[in-house]
Amino acid sequence: EAAALGLVLPAAAAARRALGPRSRAAGLDAALEYAAATVPGVLSLMSLGPAPVLVLCAAAALAPRLLGATQGPPPPGRAAKERHPAAVTDFRGGLLLCTAACILAVDFRAFPRRYAKAEAFGVGLMDVGVGAFVFCLGLARPRQRLESPRARLRRGLVKGSPLLALWLGRLVSVKGVGYHEHVGEYGVHWNFFATLAAVHALAGALEGLSRESLGLLGAAVAAAHQAALSRAGLSAYIMTEERDPTSLVSLNKEGLFSLPGYVALYLTARSLGGAVHGLLEPGAAKQSGRAPVALLGMSASLWVLAGVLEKQVERASRRSCNAAYIAFVLAWCTLVLAGYCVAGQWADDGRPVRTLAAINRGGLAMFLTANLLTGAVNLTMDTLGAGAQVAHAVVLAYLLACCGLAEGLDRRGGLKRFMFLGRSP
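Residues numbered from 1 in each chain as written. Predicted model: local features only at pLDDT ≥ 70, side-chain atom pairs only at ≥ 80, totals over all residues. Heavy atoms only, no water.

**Structural notes on unusual backbone geometry**
So, step 1. Non-glycine residue Cys321 carries a positive phi angle of around 50°.
So, step 2. Its location among the elements puts Cys321 in the loop between helix 13 (285-312) and helix 14 (323-347). (Helix = DSSP H or I, 4+ residues; strand = E, 2+ residues; numbered from the N terminus.)

And the structure:
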């Protein structure tokens, strides 16, 4: 079901492209972009489920072709230059948008509990989130620089410093207002931003390695981490609720001891990212036609691997980031990326969805805004007591604010200083 939910946004993008070139009427164009980017996802998450929404999006995408409608050239206008192929841009922007929707929607009763994070073992839609963010870091196109490993590490630490500031800011604010938090996710002081900052620093240090070396190193780290989990008792230690209040390591064991798994995920994603960019380069017309098939082949192999690891080694766990979880995240991400490849080829205009591109270019600003708005909503209303209609309205209004801010700042070039997920480390 998590895979089907992940395909909703690519299907919605295909439906939007099938409606023809972007309108010259700015208001109508913005409304269509927002509706295509948000409404299908919210409906699949909070009411209809993924299957009906996928059918509706597929019907909307197929209808113009079945009726013989043809698409004209896109209207003239200045298009922002993207560092990544359109499918990669759409995937990264779509992931941020889906994450933003989930972190607020989960606080309402209309959000099915099976989509929420698992306590210890098992993988739901929200469990994919942090792993998919790390995958996005690896998917970024590497910048070629002739630097020493020390200089690359120093640059990675500098690039990750905004995340460290967010880690500290979130820690202080959550503790200060007494906001509810589940320490079993990352620990008492550790959080999502700390994990991303650590991986971001590593990204700079390993930038000079070849794609093959990164893949082998990722597999080796994953194997060593799984051995420690299974044979050295690390998994049982992470899952227990007991903590030594005098030990920072014990207080933050989930975040610290899952970090090798996220490092392995990043290394593997970086290796796959080189292959993905090779398939999706705009000039490689023949290769781009093969990209969905190649990605689906990768995804199928990874789904099989995830199933084998789940049954023969250990059940998937985001909490420990074990081998089965790494394989699951890689399989999910490559499947959704293949969906965006198909969506992009449906219109064949070579451009990403405008809203998703704006979100992608300002990933950190978008995610920060979503977290602040989520906290504001929870502090000003009883989300658990809200009905389904109120929940839908609040989440859609919240996403409108997030998308509007991203597009507004992007048009004025104001997101550049916040760029994180839109850039490689």
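What follows continues from the structure just given.
**Details of helix 5 (residues 86-105)**
So, step 1. Taking 1.5 Å of rise per residue, the 20 residues of helix 5 would be expected to cover 28 Å, and the 28 Å separating its terminal C-alpha atoms lies within 8% of that figure.
So, step 2. Buried residues dominate helix 5, accounting for 19 of its 20 residues. (Expected span 1.5 Å × (residues − 1). Buried < 20%, exposed > 50% of the residue type's maximum accessible area, 1.4 Å probe, protein only.)

**Concerning the nonpolar core**
So, step 1. Within the largest apolar cluster, 106 residues are counted, with the highest numbers of intra-cluster contacts made by Leu45, Met46, Phe91, Phe111 and Leu399.
So, step 2. Ranked by residues supplied to this core, first place goes to helix 14 with 17 residues.
So, step 3. Those residues in contact with Phe111 that sit more than four places away from it in its chain are Leu45, Cys102, Ala105, Val106, Ala116 and Met126.
So, step 4. Counting five residues, the second largest nonpolar core, distinct from the first, contains Ala11, Ala12, Val53 and Cys57. (Core = buried A, V, L, I, M, F, W, Y, C linked by side-chain atoms within 4.5 Å. Contact = heavy atoms within 4.5 Å.)

**Structural notes on the environment of Leu196**
So, step 1. By secondary structure assignment, the location of Leu196 is in helix 8 (residues 192-205).
So, step 2. What makes Leu196 buried here is its relative accessible area of 2%.
So, step 3. In the structure, Leu196 is positioned 36 residues away from Gly160 in sequence and 8.0 Å away in space, judged by C-alpha atoms.

**Here we look at the environment of Arg109**
So, step 1. The residue Arg109 is located in the loop between helix 5 and helix 6 (125-139) in this model.
So, step 2. Classification of Arg109 as exposed rests on a relative accessible area of 63%.
So, step 3. Considered as a pair, Arg109 and Leu384 are 275 residues apart in the sequence and their alpha carbons are 5.6 Å apart.
So, step 4. Those residues in contact with Arg109 that sit more than four places away from it in its chain are Thr383 and Leu384.

**Topic: the pattern of salt bridges**
So, step 1. Tallied over the full model, the rule gives seven salt bridges.
So, step 2. Ionic pairing is found between Arg211 and Glu212, a salt bridge with its closest N-O pair at 4.0 Å.
So, step 3. Among the salt bridges present, the one from Arg319 reaches Glu254, with a minimum N-O distance of 3.4 Å. Here Glu254 lies in helix 12 (residues 253-280) and Arg319 lies in the loop between helix 13 and helix 14, a separation of 65 residues in the sequence.
So, step 4. By relative accessible area, which is 2% here, Arg319 ends up buried.
So, step 5. The structure contains a network of salt bridges with shared partners spanning Glu119, Glu241, Arg243, Glu254 and Arg319. (Salt bridge = Lys/Arg side-chain N within 4 Å of Asp/Glu carboxyl O.)

**Focus: the state of the cysteines**
So, step 1. Enumeration according to the criterion identifies zero disulfides in this entry.
So, step 2. Summary of cysteine pairing: Cys98 is not part of a disulfide, and the nearest cysteine sulfur, belonging to Cys102, is at 4.3 Å.
So, step 3. Cys98 sits in the partly exposed class, given a relative accessible area of 23%. (Disulfide = S-S within 2.5 Å.)

**Topic: the packing of aromatic side chains**
Pairs of aromatic rings are described using the distance from one ring centre to the other and the angle between the two planes.
So, step 1. Taken as a whole and judged by the stated rule, the model has seven aromatic pairs.
So, step 2. Note on Phe111 and Tyr115: the rings are 5.8 Å apart at their centroids and 80° apart in plane angle, and the pair reads as edge-to-face. You'll find Phe111 and Tyr115 in the same group, each marked buried.
So, step 3. Taking 5.2 Å as the distance between ring centres and 85° as the angle between the ring planes, the aromatic pair formed by Trp303 and Phe328 counts as edge-to-face. Of this pair, Trp303 sits in helix 13 while Phe328 sits in helix 14, and the two are 25 residues apart along the sequence. (Phe/Tyr/Trp six-rings, centres within 6.5 Å; stacked < 30°, edge-to-face > 60°.)

**Things to note about the environment of Leu337**
So, step 1. Mapped onto the elements, Leu337 comes out in helix 14.
So, step 2. You can call Leu337 buried: its relative accessible area is 0%.
So, step 3. For the pair Leu337 and Arg92, spaced 245 residues apart in sequence, the C-alpha to C-alpha distance is 9.1 Å.
So, step 4. Beyond its immediate sequence surroundings of up to four residues, Leu337 is in contact with Ala87, Val88, Phe91, Leu139, Val276 and Leu295.

**As for helix 9 (residues 211-231)**
Because the α-helix completes a turn every 3.6 residues, residues three or four places apart line up on one side.
So, step 1. Taking 1.5 Å of rise per residue, 21 residues should cover 30 Å, and helix 9 covers 30 Å from first to last C-alpha, within 8% of that figure.
So, step 2. Taken from the residues just after helix 9, Gly233 is the one with a positive phi, measuring 80°.

No statement about biological role is implied by the geometric values presented.
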